[in-house]
Amino acid sequence: MPRTRDDSWDLKTGVGATATMVAAARAVASRQPDPLICDPFAGVLVQAVGLKLFTQLVYGAIEFADLGVDWMPAYFGMRSSSLDDFVRDACRSGIRQAVILASGLDCRAYRLTWPPGMSIYEVDQPRVIEWKRDVLTGLGWPPQQGHHFVGIDLRHDWAEALRQAGFDDAAPTVWVVEGLLIGYLPPEVHDEILDAITALSPSGSQLAGDYVASGRPDALGENLRKIHARCNELDPEIELHGLTFAGQHADPVAYLTERGWTTRSADLAEVFRTAGQTAPTTDGFVELASFTRMLSGLRT
């Protein structure tokens with residue numbers, strides 16, 4: 001079904017299904033020798049969502065290589081690990097407030113060791129974030145003190161919802177925008193999100209995430225279309241067509257720099273090298289690396 005500007009989703013449908021796919025990749029990455037990431041929650045949540053293919057991936061009945069995307073566990077493991085390190089460094093610098101936008105099935109709020117007095121805000125679609133909270137609480141992992149869930153569509157006034165949940169816009173904040181600035185929202189909404197982050201960020205705030213380089217307006221959509229047929233063949237519930245919005249997105253590095261951030265962009269090969277790892281060399285990863293970048297920024 002084509003995307004609309006007021007659509008919504010759960011974790012089996014639309015954009016939500018990609019969050020489940022990413023969680024399956026993190027689960028597989030977590031069980032590798034010398035893993036890039038240790039995410040004990042990812043597999044549990046994928047199983048709870050109940051999409052057959054992704055559950056089979058978690059338990060090894062099917063491999064990501066069978067889908068032609070053997071690079072996914074390494075990439076998503078590294079993406080999450082690099083952002084984990086960024087958040088830890090921000091906390092070491094004294095920041096005590098974190099916002100995770102479009103958190104999906106990420107459990108960074110649960111799996112990282114946070115300093116005392118930390119306030120963490122997860123923001124996502126109401127159905128997504130309420131489901132994750134309820135499932136983990138039911139399994140014995142309730143949110144800890146200072147962990148807040150903000151259920152709101154990022155195309156609405158999420159900044160005000162964040163304030164109402166207790167967010168302090170006078171306190172330096174570390175922002176995680178993982179899997180957000182890559183095409184799942186209309187180009188103008190990307191800009192609105194960056195504007196809102198800037199308005200909520202006093203000096204010393206930090207931001208990190210991934211984004212699609214300019215000149216490739218629907219690179220993610222093209223990538224998803226390539227893997228859709230095989231995924232849909234193995235599990236007809238999975239639909240990866242039409243999940244992105246076409247149109248040229250502003251380069252977030254330039255956009256934030258113009259608004260008072262000191263920014264840095266890194267390609268995926270550099271991210272792997274920094275972690276002492278070798279990036280995958282398969283065609284699918286090389287294609288991904290041709291348009292995906294990692295972004296970091298400091299509000300000055």
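To be clear, the structure that these remarks concern was listed above.
Calculation notes
- Residues numbered from 1 in each chain as written.
- Predicted model: local features only at pLDDT ≥ 70, side-chain atom pairs only at ≥ 80, totals over all residues.
- Heavy atoms only, no water.
- Core = buried A, V, L, I, M, F, W, Y, C linked by side-chain atoms within 4.5 Å.
- Buried < 20%, exposed > 50% of the residue type's maximum accessible area, 1.4 Å probe, protein only.
- Helix = DSSP H or I, 4+ residues; strand = E, 2+ residues; numbered from the N terminus.
- Contact = heavy atoms within 4.5 Å.
- Salt bridge = Lys/Arg side-chain N within 4 Å of Asp/Glu carboxyl O.
- Pairing = 2+ DSSP bridges.
- Axes fitted to C-alpha atoms, helices over the stretch in contact; angles between N-to-C directions.
- 1 Å grid on protein atoms, 1.4 Å probe; cavity = no way out; pocket = protein on both sides within 12 Å on 5 of 7 lines; lining within 4 Å.
- Points joined across faces, edges and corners; volume = space filled by probe spheres on them.
- Nonpolar A, V, L, I, M, F, W, Y, C, P; charged D, E, K, R; others polar.
- Right-handed = clockwise from strand over helix to strand, strands pointing away.
- Expected span 1.5 Å × (residues − 1).
- Polar contact = N/O pair within 3.5 Å; in protein donor to acceptor, adjacent residues only side chain to side chain.
- Phe/Tyr/Trp six-rings, centres within 6.5 Å; stacked < 30°, edge-to-face > 60°.
- Lys NZ or Arg CZ within 6 Å of the ring centre and 35° of its normal.

S.K.: Tell me about the nonpolar core, residues and numbers included.
M.R.: Looking at soluble globular proteins, one finds that nonpolar side chains tend to be buried together. Formed by 74 residues in total, the largest nonpolar core has its most connected members in Leu53, Phe54, Phe64, Met72, Trp114, Leu224 and Phe285. Counting residues per element, this core draws most heavily on helix α1 (residues 14-30), which supplies 10 residues. Ignoring sequence-local partners within four residues, the contact set of tryptophan 114 consists of Val87, Cys91, Ala98, Arg108, Ala109 and Ile120. In this structure, Val123, Val150, Phe167 and Leu256 belong to the second largest nonpolar core, which totals 30 residues.

S.K.: How would you summarise the pattern of salt bridges if you had to cite specific residues and measurements?
M.R.: Under the definition given, this model contains 23 salt bridges. One salt bridge in this structure joins arginine 111 and aspartate 39, with 3.7 Å as the shortest N-O distance. Of this pair, arginine 111 sits in helix α5 (residues 108-111) while aspartate 39 sits in the loop between α1 and α2 (42-49), and the two are 72 residues apart along the sequence. For the pair shown, arginine 111 and aspartate 39 are each scored as buried. Three or more residues are tied together by salt bridges with common partners; here these are Arg26, Asp39, Arg79, Asp84, Asp106, Arg108, Arg111, Glu178 and Asp210.

S.K.: How would you sum up unusual backbone geometry? Please name residues and give values.
M.R.: In this model, aspartate 34 sits at a positive phi of 50°, which is unusual for a non-glycine residue. Residue position: aspartate 34 is located in the loop between α1 and α2. Of the residues examined, aspartate 34 reaches a relative accessible area of 67% and is grouped as exposed.

S.K.: With reference to specific residues and values, describe the sheet that holds strand β1 (residues 97-101).
M.R.: Taken in spatial order, the 7 strands line up as β3-β2-β1-β4-β5-β7-β6 in an open sheet, and their pairing is mixed. Only two strands of the sheet have a single neighbouring strand rather than two, namely β3 (147-151) and β6 (261-267). The mean angle between the axes of side-by-side strands here comes to 15°, regardless of whether they run parallel or antiparallel. Seen against the sheet, helix α4 (residues 72-92) touches β4 (174-181), β5 (206-212) and β7 (292-299) and runs at an angle of roughly 160° to β4.

S.K.: So, empty space enclosed by the protein: which residues are in play, and what are the values?
M.R.: The method is simple in principle: a probe with the dimensions of a water molecule rolls over the atoms, and the space it marks as empty is what remains. Summed over all chains, the structure comprises 2 cavities of 30 Å³ or more. Of all the elements in the fold, those that place two or more residues in the lining of the largest cavity are α1, α4, β1, β4, β5 and α9 (219-234). The greatest single-element share of the lining of the largest cavity, amounting to 7 residues, is contributed by α1. Taken together, the residues that form the lining of the largest cavity break down as 28 nonpolar, 8 polar and 9 charged. If you list the elements that add at least two residues to the lining of the second largest cavity, you get α8 (187-199), β5 and α9.

S.K.: Give a description of the pairing of β3 that names residues and reports values.
M.R.: Regular strands show a simple pattern: their side chains alternate between the two faces of the sheet. Relative to β3, strand β2 (residues 119-124) is paired through 5 bridges, and the arrangement is parallel. Bridge pairing links tyrosine 121 to histidine 148 in β3. Chirality of the crossover, the property in question, places the unit of β2, helix α6 (residues 126-138) and β3 among those that are right-handed.

S.K.: Outline α6, listing residues and values.
M.R.: With 13 residues, α6 extends 18 Å from end C-alpha to end C-alpha; this agrees with the ideal 18 Å at 1.5 Å per step. Elements in contact with the buried residues of α6: α2, α5, β2 and β3. Where α6 ends, the next residue or the one after it, glycine 140, has phi of about 95°, a positive value.

S.K.: Can you tell me about the side chain of threonine 244, naming the residues and giving the values?
M.R.: The topology assignment puts threonine 244 in the loop between α9 and α10 (252-257). Threonine 244 sits in the buried class, given a relative accessible area of 13%. Side chain to side chain, threonine 244 and aspartate 218 meet in a polar contact 2.5 Å long. Those residues in contact with threonine 244 that lie beyond four places of it in its chain are Arg3, Gly183, Tyr184, Asp218, Leu220 and Gly221.

S.K.: Give a description of the packing of aromatic side chains that names residues and reports values.
M.R.: Tallied over the entire structure, the rule returns 9 aromatic pairs. When the centroid spacing of 5.6 Å and the interplanar angle of 50° are considered together, the rings of phenylalanine 41 and tyrosine 110 count as tilted. In this pair, phenylalanine 41 sits in the loop between α1 and α2 while tyrosine 110 sits in helix α5, placing the two residues 69 residues apart along the sequence. Of the two residues, phenylalanine 41 and tyrosine 110, neither departs from the other in class, the shared state being buried. Every member of this aromatic cluster is reached through a ring pair, and the members are Trp71, Tyr75, Phe76, Phe272 and Phe285. Over the ring of tyrosine 255 we find arginine 259, and its NZ or CZ is 3.4 Å from the ring centre.

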